[in-house]
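# Structural overview
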Amino acid sequence: MNPESVARRGRRPGDLRVVVRRPAKLPRTLGPSALFAACYGNAGSSIYYALGVTAAFALGLTPVALILAGFIFVTTALNYAEGTAALPHAGGSSSFARRAFNAPIGYIVGWVQLLNYTATVSISAYFATSYLGFLGKYVPLLDPLRTNQTTHVVATIVLIALLLAVNVIGIQESSVLNLVLAFTDLFTQFVLVILGLILLLNIDKVISSIHLGVAPTWGNFLASISIAMVTYTGIETISNLSEEAKDPGRNVPKATWWVIIAVLFVSAFLPTIGISVFPVSYDNNLHAYTTQLATAWKADPVAGIVTGFQEPLRLWAQVWVGILAFTILVIATNAGLIGISRLSYSMAGVDLLPHRLARLHPKFKTPYVSIIVFGIVAALLVLPGVIAGGKEIDLMSAVYSLAATFAFCSAHLSVMRLRFIEPALHRPYRMPWNVKFGRDSIPVLSLVGALFIGTVFTQLVFQNISNSTFIFMGWLLLGVLVYLLYRRYRHEPLWEPLEVPPIREREFEHVPFESQPRSARYRMGRRERITAHAARARHIHARHRAAWQLEIELLFARHGEIRGVLIVLVFTPVSGFAVFIHLSGYAPFGTALGWSPGLVVVAFLAAYVLNRSHAGQ
């Protein structure tokens, strides 16, 4: 018997019933504004560190790189909106994969998500310290944070340790404070964009900074799109808070659209203003094109942009941006630690991680083991900065992007697969642009998003920025080893079939009622005691199909392999055209391989998922 179950005897002899104890649910108190504030606190704060590292690769094409990454972000955000509205549980892409595939796949995605949150803690704390050091010109005590790399790294580790202690003790940050700071940050960025467009924008400098194929090279430009994904990785926050949303089916999509509009507005204009202030120029010492946005101001790019204003606006803008950036990045660091604790506790609760990681502190009732373990990993990710110096930013950003793009691609494939294996799943929100296929439809945005993000992921893997690929692969191998040892310890199988979806709980007070027709109260000529009002039943509309369509479906039913062959034949020419013709001349891996084999890999993976979904009908 499950340890979470108890045996109770009924009224009759031999009537033994098993009652399952259900864990207490989090109160649903968050509306769309609170969800938006929590998500924008992560996604909006990313521009404070993503801008400089993206400019290091994209140079004059930095605005284009962020806009293209923003297009990928739109597909991912809408994909998360559909998945979260249908499955309002903590875990995000991990819970999607566990429901769409099985527990081992969900574990792998969740393990990579833990790396994503760990990198969030590292990079947010590192840049929070950078912006604090930017205030050193006004507070001499803070100046070593800017001038000494060792002091910077030590201060970052101290900040992580302080937040670890705060999360272990359980001092929760105020949701009202989060809401105020998030909207203050949005208002600040909006004012900076408006003032920058009026006072700083210079289109001639922006155009003259573009040197196609030279500065940047095509390989670096593709890498910059991958790095720019750091700007949009906070969308996972909404999914983790869905269990506390008042009406997930309505409020999650609404908050997602708000985040999309706000983030795209800032990410489209702020980089253009940055290139106007720090145009790309040729450095005779480095014998290469560069911009101060990616060198002198790489650790605090937004603070560098406001130096373009005239006095006294420059003074007040520098102080305000420094204080606000430090505050919002500290909150983003704390959000990363909260995400680690929520995700590890959730995975341990479904037996995907050792229960020791979910052990609660006897006094503070917080999952202190998981917080301490992954907090130490985040501190270790910062330590190479003592030796690597400025390249530490590239390392943390690349690790962050690798983990995030892996999780995003799995989320796209999971939501697409759920359309076919659970067509009757209640989906309060569906993505636009769907193509009818079989018994359901293919979400075009999920398909396009999976292909693009798979391209971004493999580009990062092959480019191996600052040995980030070795860290990512090592983390994956460690996760597989932990999973194997834990399953062997519990004497459970290593692979499981498709997870059986749990029974949906009916909330009777929210179920709409309607009157039944008179004929429904009679059966076999007899009147039965049936209530006059009953819950509204959902009827699936049977679609009338043409004769030629029935013949084609009958052919597919007789020859199941044809479906898979047709899918592969559709994806193969598209992938081959995109990889071997479009940009093969500029490929960093040579014309034989193409610039992104991930496009082919994800295309075949998507075809396989769709084919297997139909095979299970």
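Criteria and cut-off values
Numbering of residues starts from 1 in every chain and runs along the sequence as written. Residue-level local features of this predicted model are given only where pLDDT is at least 70; pairs of side-chain atoms are given and counted only at 80 or more, and the full residue set underlies all totals for whole chains, interfaces and linings. Each side-chain value is worked out from all heavy atoms of the structure, with water and hydrogens disregarded. For every residue, the accessible area (1.4 Å probe, protein chains only) is compared with the maximum for its type, and the residue is labelled buried under 20%, exposed over 50%, or partly exposed between those bounds. Strands here are runs of E lasting at least two residues and helices are runs of H or I lasting at least four, both read from the DSSP assignment and numbered beginning at the N terminus. Here the expected length of a helix is defined as 1.5 Å per residue gap, with one fewer gap than residues. Pairs of N or O atoms are called polar contacts if they sit within 3.5 Å, as long as, within protein, a hydrogen donor faces a hydrogen acceptor (for residues adjacent in sequence, only side-chain-to-side-chain pairs). Any pair of residues with heavy atoms lying within 4.5 Å of one another is described as a contacting pair. Like charges are joined within 9 Å and nonpolar side chains (Val, Leu, Ile, Met, Phe, Trp, Tyr) within 5 Å, but only among residues with over 30% relative accessible area and no salt bridge; these make up the patches. All accessible areas in this document rest on Shrake-Rupley with a 1.4 Å probe, and a residue is counted as covered only by the protein chains that are shown. Salt bridges are defined by distance alone: a side-chain nitrogen of Lys or Arg within 4 Å of a carboxyl oxygen of Asp or Glu. Whether two aromatic rings pair depends on their centres lying within 6.5 Å, for rings of Phe, Tyr and Trp, where Trp uses its six-membered ring; planes under 30 degrees apart make the pair stacked, over 60 edge-to-face, and the rest tilted. Values of pLDDT, ranging from 0 to 100, describe the predictor's confidence in every residue of the model. Note on definitions: angles span 0 to 180 degrees between N-to-C directions of axes, and those axes are lines fitted to C-alpha atoms, for helices only across the stretch in contact. Any angle from 65 to 115 degrees is called roughly perpendicular, while one under 35 is roughly parallel, one over 145 is roughly antiparallel, and all others are oblique. Crossing chirality is assigned from the near helix's rotation relative to the far helix, an anticlockwise turn below a right angle marking it left-handed and a clockwise turn marking it right-handed. Strand pairing requires that DSSP identify at least two bridges connecting the strands. Under this grouping Gly is polar, as are all residues other than the nonpolar Ala, Val, Leu, Ile, Met, Phe, Trp, Tyr, Cys and Pro and the charged Asp, Glu, Lys and Arg.

## Description of helix α4 (residues 93-100)
Of all eight residues making up α4, eight are buried, and the element is well covered by its neighbours. Within α4 the residues assigned to the buried category are Ser93, Ser94, Ser95, Phe96, Ala97, Arg98, Arg99 and Ala100.

## Quick word on helix α14 (residues 313-349)
The end-to-end C-alpha distance of α14, which contains 37 residues, comes to 53 Å, matching closely the 54 Å that a straight helix rising 1.5 Å per residue would cover. Following α14 by one or two positions, aspartate 351 has its phi on the positive side, about 65°.

## Looking at unusual backbone geometry
The omega angle of the peptide bond from alanine 215 to proline 216 is 10°, so this bond is cis rather than trans. With respect to the helices, strands and loops of the structure, proline 216 is situated in the loop between α9 (203-208) and α10 (218-228). Across the junction of glutamate 311 and proline 312, the peptide omega takes the value 0°, indicating a cis bond. In the Ramachandran plot, leucine 59 falls in the positive-phi region, its phi being about 55° despite a non-glycine side chain. Within the element layout of this structure, leucine 59 appears in the loop between α2 (47-58) and α3 (62-86). One non-glycine residue, serine 466, lies in positive phi territory at about 55°. By the secondary structure assignment, serine 466 is in the loop between α18 (444-463) and α19 (468-489).

## Brief notes about the side chain of glutamate 422
Secondary-structure assignment places glutamate 422 in the loop between α17 (391-421) and β5 (434-437). Side chain to side chain, glutamate 422 and arginine 99 meet in a polar contact 2.8 Å long.

## Some details on the environment of glycine 83
Along the polypeptide, glycine 83 turns up in helix α3. According to the relative accessible area criterion, glycine 83 is buried, its value standing at 5%. Between the C-alpha atoms of glycine 83 and histidine 412, which are 329 residues apart in sequence, the distance is 9.2 Å. Not counting residues up to four positions away in its chain, the partners in contact with glycine 83 are Phe96 and Val415.

## Quick notes on a nonpolar patch on the surface
A contiguous nonpolar patch, built from Phe190, Ile194, Leu197, Ile198, Leu199, Leu201, Ile203, Ile207, Phe269 and Leu313 and spanning about 860 Å² of accessible area, is present on the exposed surface. Listing elements by their share of the nonpolar patch, those giving two or more residues are α8 (175-199) and α9. For leucine 313, the location among the structural elements is in helix α14.

## Examining the packing of aromatic side chains
Under the criterion given, the structure shown has 21 aromatic pairs. The interplanar angle of 25° and the centroid separation of 6.1 Å between the aromatic rings of tyrosine 107 and tryptophan 111 together place this pair among those described as stacked. Taken as a pair, tyrosine 107 and tryptophan 111 lie in helix α5 (residues 103-134) at a separation of four residues, close to a single helical turn. For the pair formed by tyrosine 107 and tryptophan 111, the shared burial category is buried.

## Here's the deal with the confidence of the model for the protein
Residues of the protein with pLDDT of at least 70 account for 72%, and the chain-wide mean is 75. Of all secondary-structure elements in the protein, the lowest mean pLDDT belongs to strand β10 (residues 533-535), at 43, while α19 reaches the highest, 89. Scored below 50 in pLDDT, residues 502-542 shows 34 contacts in the model against residues more than four places distant or in partner chains. Under a pLDDT of 50 for its full length, residues 586-595 has, in the predicted model, 25 contacts with residues more than four places off or in other chains.

## What about the packing of α5 against α19?
Their axes nearest at 10 Å, the elements α5 and α19 cross at an angle of 135°. Considering their axes alone, α5 and α19 lie oblique with respect to each other. Both α5 and α19 take part in a crossing whose hand is right-handed. Residues Pro104, Tyr107, Ile108, Trp111, Val112, Leu114 and Leu115 of α5 touch α19, and the partners they reach there are Phe472, Trp475, Leu476, Leu478, Gly479, Val480, Val482 and Tyr483.

## Examining the pairing of β5
Judged from the four bridges that link them, β5 and strand β6 (residues 440-443) form a sheet pairing that is antiparallel. Residue pairing across strands places valine 435 opposite isoleucine 442, the latter belonging to β6. The turn linking β5 back onto β6 is made up of two residues, and glycine 438 within it adopts a positive phi angle of 65°.

## Focus on the packing of α4 against α5
Taken N-terminus to C-terminus, the directions of α4 and α5 make an angle of 170°; their axes are 7 Å apart at the nearest point. Our classification of the angle between α4 and α5 gives roughly antiparallel. Every residue of α5 that contacts α4 at Ser93, Ser94, Ala97 and Arg98 is listed here: Ala103, Ile105, Gly106, Val109, Gly110 and Gln113. Residue composition of the contact of α4 with α5, grouped by class: four nonpolar, five polar and one charged.

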